[in-house]
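Here is how the chains run, residue by residue.
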Amino acid sequence: VGHCHPEIVKAAHEQNQLLNTNSRFLHDNLVDYAERLSKTLPEKLCIFYFLNSGSEANDLALRLARQYTKHEDVIVLDHAYHGHLTSLIDISPYKFRNLEGQKEWVHVAPVPDTYRGLYREDHEDPVTAYADEVKNIIEHAQKRGRKIAAFFVESLPSVGGQIIPPAGYFQKVAQHVHKAGGVFIADEIQVGFGRVGKHFWAFQLQGQDFTPDIVTMGKPIGNGHPLACVATTEEIAEAFAATGVEYFNTFGGNPVSCAVGLAVLDVIEKENLQAHATEVGNFLMELLKEQQMKHPIIGDVRGCGLFIGVDLIKDPGE
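Criteria and thresholds
- Residues numbered from 1 in each chain as written.
- Predicted model: local features only at pLDDT ≥ 70, side-chain atom pairs only at ≥ 80, totals over all residues.
- Heavy atoms only, no water.
- Domains from an automatic or database assignment.
- Contact = heavy atoms within 4.5 Å.
- Buried area = accessible area lost by both parts, 1.4 Å probe.
- Salt bridge = Lys/Arg side-chain N within 4 Å of Asp/Glu carboxyl O.
- Nonpolar A, V, L, I, M, F, W, Y, C, P; charged D, E, K, R; others polar.
- 1 Å grid on protein atoms, 1.4 Å probe; cavity = no way out; pocket = protein on both sides within 12 Å on 5 of 7 lines; lining within 4 Å.
- Points joined across faces, edges and corners; volume = space filled by probe spheres on them.
- Helix = DSSP H or I, 4+ residues; strand = E, 2+ residues; numbered from the N terminus.
- Buried < 20%, exposed > 50% of the residue type's maximum accessible area, 1.4 Å probe, protein only.
- Arc of directions from axis to C-beta.
- Pairing = 2+ DSSP bridges.
- Phe/Tyr/Trp six-rings, centres within 6.5 Å; stacked < 30°, edge-to-face > 60°.
- Lys NZ or Arg CZ within 6 Å of the ring centre and 35° of its normal.
- Axes fitted to C-alpha atoms, helices over the stretch in contact; angles between N-to-C directions.

Caption draft 1: The arrangement of the domain arrangement of the protein chain in detail. In terms of domains, the protein chain is made up of domain 1 (6-271) and domain 2 (276-312). Each of domain 1 and domain 2 was reduced to a C-alpha centroid, and the two centroids are 26 Å apart. If you look at the interface, domain 1 gives 16 residues, while domain 2 gives 14 residues. Taken over both partners, the interface formed by domain 1 and domain 2 buries close to 1200 Å², and the fraction arising from carbon and sulfur atoms is 58%. Between the two partners, domain 1 and domain 2, sit one salt bridge. Ionic pairing is found between R116 and D311, a salt bridge with its closest N-O pair at 2.6 Å. Here the side of domain 1 that touches domain 2 is composed, by residue class, of eight nonpolar, five polar and three charged.

Now the structure itself:
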């Protein structure tokens, strides 16, 4: 919504002058904000946990998945990055390959990249081929006595190269993961909140018939203010609460953060920012495609809304 947007500065300032407490003290902003967020999501994602950063959100998503499934293992995509906590470095090939390496409970699936990946545009069914890679990983893990807790994926892999997974891939993967007793976690920390233009959430690009079990949010949620969220189902939340160890976060969901979150949603709506992302994104893509015609080094231009990638290559044939 832009740097120092006056509506957001005003909302934070006004709430700061009234009250800021931790979320053990009840405040309407928390409930109002959860209700507003719920209207943007599929109905079954109706329980919200508020935190301070995307890394905190992804760490909690991991805990929720493990508590609900009673399994440990996680499948991630190659080149993925999910945050800077120890638990998330462990599921981020982008990081762990330069650090302590891959843990035995982590399994890496190929990125569903139809330009540069294993199965490309000329493949008869890249969706099934990429989903079968996940299925094979699950079967191989199970033979070794491992159990899958979650498939953890950015709805549009960003660090991996601004990849747009082919529609239907998430549905097929979710079938394999659910069959193995795991859950599907969609990381929307970089790509949510209307950035893709035609939808509010990037996972919706996969089709109306797809809903993740857990969605994590960060970055744009507070327009730079430290705010994050995990949305999940009642079933998963109940399993998490059944431990008797309550979830508490001193600053997560405080009145000022929630006032900021509400203001961000207001601005997105009032200023038609989703339509803006579509319009500006399409304009930029057209200009980049003009450059592609002129310069052989530009192999691919891809994107959706204001999530755009330019793939630079040495050899078009290869």
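The rest of the description comes next.
Caption draft 2: Main features of empty space enclosed by the protein. All told, the structure shown has one cavity of 30 Å³ or more when counted by the stated rule. Volume-wise, the largest cavity comes out at about 50 Å³. Contributing to the lining of the largest cavity are L77, D78, A80, H82, F152, V153, E154 and P157. Here the element with the most residues in the lining of the largest cavity is strand β4 (residues 148-154); it accounts for three residues.

Caption draft 3: Structural detail: the environment of P110. Position of P110 among the secondary structure elements: in the loop between β3 (106-109) and α6 (126-143). The sequence separation of P110 and V74 amounts to 36 residues, and the corresponding C-alpha distance is 14 Å. When sequence neighbours within four positions are dropped, the list of residues in contact with P110 reads L77, L118, Y130, E133 and Y169.

Caption draft 4: Spotlight on unusual backbone geometry. Backbone geometry places K219, a non-glycine residue, at a positive phi of 35°. Counting through the fold element by element, K219 comes out in the loop between β6 (214-217) and β7 (228-232). A relative accessible area of 53% means that K219 is categorised as exposed. Although it is not a glycine, N272 adopts a positive phi angle of roughly 50°. The residue N272 is located in the loop between α9 (255-270) and α10 (273-294) in this model.

Caption draft 5: Local environment of helix α8 (residues 234-241). Along α8, the residues classified as buried are I236, A237, A239 and F240. Buried residues of α8, seen end-on, are gathered within an arc of 160° and therefore sit on one face of the element. Along α8, exposed side chains directed more than 90 degrees from the buried face belong to E235, E238 and A241. Packing partners of the buried residues in α8 comprise β1 (47-51), α3 (54-69), β5 (183-187), β6 and β7.

Caption draft 6: How the structure looks around the pairing of β6. Burial of the side chains of β6 extends over both faces: I214 and T216 are buried on one face and V215 and M217 on the other. As paired elements, β5 and β6 share three bridges and run parallel to each other. In the sheet register, D187 faces β6, and the bridge partner there is T216. In the sheet, β6 pairs with β7 via four bridges, with the strands oriented antiparallel. Following the sheet pairing, V215 is matched in β7 by A231.

Caption draft 7: Summary view of the packing of aromatic side chains. By the definition in use, this model includes 14 aromatic pairs. Judged by centre distance (5.0 Å) and plane angle (80°), the ring pair of Y119 and Y130 falls under edge-to-face. Residue Y119 is located in the loop between β3 and α6, and its partner Y130 is located in helix α6; the two are separated by eleven residues in the primary sequence. Taken together, the aromatic side chains of F151, Y169, F170, F184, F203 and F210 make up a single cluster linked through ring pairs. Here the guanidinium or amino end of R66 rests over the ring plane of W105, the centre of that ring lying 4.4 Å away.

Caption draft 8: Summary view of the sheet that holds β6. Taken in spatial order, the seven strands line up as β1-β7-β6-β5-β4-β2-β3 in an open sheet, and their pairing is mixed. If you trace the sheet from one side to the other, it starts and ends with β1 and β3, each paired once. On average, each strand axis in the sheet is tilted by 20° relative to the strand beside it, whichever way the strands run. Taken together, the five bridges between β1 and β7 define a ladder with antiparallel strand orientation. Looking across to β7, one finds that F48 is bridged to A231.

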